[in-house]
Amino acid sequence: MDQTSLFAPDSPSPAYICPFDQACSYLDAAAKELKLAQGVSEILSHPRKVVTVSIPVKRDNGEIQVLAGHRVQHSDILGPYKGGIRFHPAVTLREVSALAMLMTWKCALLGIPYGGAKGGIAINPKSYSISELERISRRYISELIKDIGPSVDIPAPDMGTSAREMAWMMDTYSVNMGHAVPGVVTGKPLSIGGSLGREMATGRGVMIIVREALADRGKSLSGTRIAIQGFGNVGGAAAELLHQAGAKIIAVSTGLGGVFAENGLDISELKAYARENNRKISGFPQAKLITNPELLTLPCDVLIPAALENQITQENVNQIQANLIVEAANGPVTLEANLSLEARGVTVLPDILSNAGGVVVSYLEWVQGLSYLFWDEERVNGEMESLMVQAYRKVMHQSQTRKISPRLAAYVLGVGRVAQALNDRGLYP
Ligand code: GLU
């Protein structure tokens, strides 16, 4: 068996930080602040259902490979399970379990009627052909067919997946049901019931949160110096929208490294350059090469980690110079690093708030599909913006009145809403 197998070890290096333990620590802190009864936090610290399936896939050379696919359904107390499916080499069951829990708090915080889930397969999608990816996506969904559905569990894109994979998944589910079921996934292509605005939604949500946080400090986006780790679906969209709004994007990066320009990068030119150069940004004229670790420690006003987990850790936290960090990735700041930043007065706006734009527009896509009425992009963006701004204000209000960090405040709101629903629904039997 290779590293993609079901029993792959979770701990590739001694510096490993267990994402599920981290997620539970945040839950514990919120439970303590809310004075939740022991039984309530006990229930919420366990996923309701954990599914791992084997996915036999025929490679283009005729070889058969068996991959492990996970889907973790953390909570459906507030509505159907909701969350993305990632194709990434770092996927493990613990990571997916942690991310499923984050989805529960994210949906609750934003006030959308979903629970939380996440799925994933530990592959590097770049090592597979398009037809292999199609076979993997279809077999994964067919193995999970009894566990998903438009009122049960609604997958969406995440790292390494996009509208293309959602279309294959929707088709596989529909063929098995005998009729088209567009509501089984969100983030679909427009041709089969996707929503305008979905592709840029997570990045747009990040831009809104940065704008609101600056406004609270009496500043505007115009001229604000921002460094963004990541230039994919989230980082790339955030960079574009922030640049359009007048911010100076001084650095962005991909997994291979980044580029830096003291006076700001022209993001539309950089995007065109990346398109022409097979997604490489390193040779972009008028910009200096920098590494990912260097990008994080640049002097700037706002730092947006929009790539992987555990990027700001005990190792580099003292070198961070930004005094506002907006988490566009899930879990880019570790628990300890977060405490050090708080102690230094650095504001960290947490993932469950800052990157919620994607799931909010997924919700709007699902609502449009259920009502058979499709909206223009302005309406979609407007509805999303109003939910994001409301959530931001609630988090800041909670943070100020309870004298707690915005992260803990966001958890208090998300966990509190789920705990209230759990209490009202009662325990069966
Ligand atoms: N994968 C995105 C997230 O982590 C979107 C999930 C969704 O749209 O359901 O929030």
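Look up: the structure comes first, before these words.
A brief structural summary.

About the criteria used
- Within every chain, residues take consecutive numbers counted from 1 along the sequence as written.
- Only residues with pLDDT of at least 70 get local features here, since the model is predicted, and only at 80 or more are side-chain atom pairs given and counted; chain-wide, interface and lining totals rely on the full set of residues.
- Working from all heavy atoms in the structure, the side-chain values ignore hydrogens and water.
- Proximity is defined per residue: if any heavy atom of the residue lies within 4 Å of a molecule or strand, that residue is considered near it.
- Polar contact criterion, stated in full: a pair of N or O atoms within 3.5 Å, where within protein one must be able to donate a hydrogen and the other to accept it, and residues adjacent in sequence count only if both atoms are side-chain atoms.
- Working definition of accessibility: Shrake-Rupley area with a 1.4 Å probe, residue cover restricted to the visible protein chains.
- Side-chain classes are defined by residue name, with Ala, Val, Leu, Ile, Met, Phe, Trp, Tyr, Cys and Pro counting as nonpolar, Asp, Glu, Lys and Arg as charged, and the others, Gly among them, as polar.
- Accessible area is worked out with a 1.4 Å probe on protein chains only. A residue is then buried under 20% of its type maximum, exposed over 50%, and partly exposed in between.
- Under the DSSP-based scheme used, a helix requires at least four consecutive residues in state H or I and a strand at least two consecutive residues in state E, with every element numbered from the N terminus.
- At least two DSSP bridges between two strands are needed for those strands to be called paired.
- Working convention: axes come from line fits to C-alpha atoms, limited for helices to the stretch in contact. Angles between N-to-C directions cover 0 to 180 degrees.
- Residue contacts follow a heavy-atom distance rule, with two residues in contact if any of their heavy atoms lie within 4.5 Å.
- In what follows, salt bridge is the name for a side-chain nitrogen of Lys or Arg lying within 4 Å of a carboxyl oxygen of Asp or Glu.
- Each angle is binned into one of four classes, with values under 35 degrees roughly parallel, values over 145 roughly antiparallel, values of 65 to 115 roughly perpendicular, and all other values oblique.
- Only rings of Phe, Tyr and Trp enter the pairing, Trp through its six-membered ring, and a pair is recorded when the two centres are within 6.5 Å. The plane angle decides the type: under 30 degrees is stacked, over 60 is edge-to-face, the rest tilted.
- The rule for a charge over a ring is simple: NZ of Lys or CZ of Arg within 6 Å of the ring centre, and within 35 degrees of the ring normal.

As a matter of local geometry, the ligand sits amid 13 residues, with Lys-82, Lys-106, Lys-118, Asp-158 and Ser-362 nearest to it. In the environment of the ligand, a nitrogen atom lies 2.7 Å from a nitrogen or oxygen atom belonging to the side chain of Asp-158. With respect to the ligand, the side chain of Ser-362 contributes an N or O atom lying 2.5 Å from an oxygen atom. Relative to its unbound accessible area of 290 Å², the ligand is 94% covered by the protein chains. Looking at the shell around the ligand residue by residue, the class counts come to four nonpolar, four polar and five charged.

Let's shift gears to the pairing of strand 8 (residues 257-260). Of the two faces of strand 8, the one holding Gly-257 and Val-259 and the one holding Gly-258 and Phe-260 are both buried throughout. Pairing geometry for strand 7 (residues 248-254) and strand 8, over four bridges, is antiparallel. The residue bridging Ser-253 from the neighbouring strand is Gly-258, located in strand 8. Where strand 8 meets strand 9 (residues 288-290), three bridges bridge the pair, whose relative direction is antiparallel. By the bridge assignment, Phe-260 is partnered in strand 9 with Lys-288.

The strand order 1-2-4-3-5 describes an open sheet built from five strands, whose pairing is mixed. Strands at the two margins of the open sheet, each flanked by one partner only, are strand 1 (49-58) and strand 5 (153-157). If you compare each strand with its neighbour and ignore which way they point, the axes differ by 20° on average. Where helix 5 (residues 163-177) meets the sheet, its contacts fall on strand 3 (81-87) and strand 5, and the angle it forms with strand 5 comes to roughly 150°.

Looking now at the pattern of salt bridges. Per the counting criterion, the structure on display carries 22 salt bridges. Among the salt bridges present, the one from Lys-118 reaches Asp-158, with a minimum N-O distance of 2.8 Å. Here the residue Lys-118 occupies a position in strand 4 (residues 116-121), and Asp-158 occupies one in the loop between strand 5 and helix 5, the gap between them amounting to 40 residues. Exposure remark for Lys-118: the relative accessible area of 2% places this residue in the buried category. By relative accessible area, Asp-158 is classed as buried at 18%. Taking the shortest distance from any N to any O, the salt bridge between Arg-393 and Glu-212 comes out at 3.1 Å. With Arg-393 in helix 13 (residues 377-402) and Glu-212 in helix 6 (residues 201-216), this pair connects stretches of sequence that are 181 residues apart.

Their axes nearest at 8 Å, the elements helix 13 and helix 14 (residues 406-425) cross at an angle of 110°. The orientation of helix 13 with respect to helix 14, classified from their angle, is roughly perpendicular. Facing Lys-394, Val-395, Met-396, Gln-398, Ser-399 and Arg-402 of helix 13, the residues of helix 14 in contact are Pro-406, Ala-409, Ala-410, Val-412 and Leu-413. In the contact of helix 13 with helix 14, the residues fall into seven nonpolar, two polar and two charged.

This brings us to the packing of aromatic side chains. What the rule picks out here adds up to four aromatic pairs. The interplanar angle of 40° and the centroid separation of 5.3 Å between the aromatic rings of Tyr-26 and Tyr-411 together place this pair among those described as tilted. With a gap of 385 residues between them, Tyr-26 in helix 1 (residues 19-34) and Tyr-411 in helix 14 connect regions that are remote in the sequence. Each member of the pair, Tyr-26 as well as Tyr-411, is classed as buried. Considering the side-chain rings of Tyr-114 and Tyr-363, the 5.8 Å spacing of their centres and the 90° angle between planes classify their relative orientation as edge-to-face. Taken together, the residues Tyr-114 in the loop between helix 3 (93-110) and strand 4 and Tyr-363 in helix 12 (residues 357-371) connect sequence positions 249 residues apart. Overall, the relative accessible area of 0% leaves Tyr-114 in the buried class. Following the ring pairs from residue to residue traces out a cluster consisting of Tyr-114, Tyr-363 and Trp-366. We note Lys-82 situated over the ring of Tyr-114; from NZ or CZ to the ring centre the distance is 5.9 Å.

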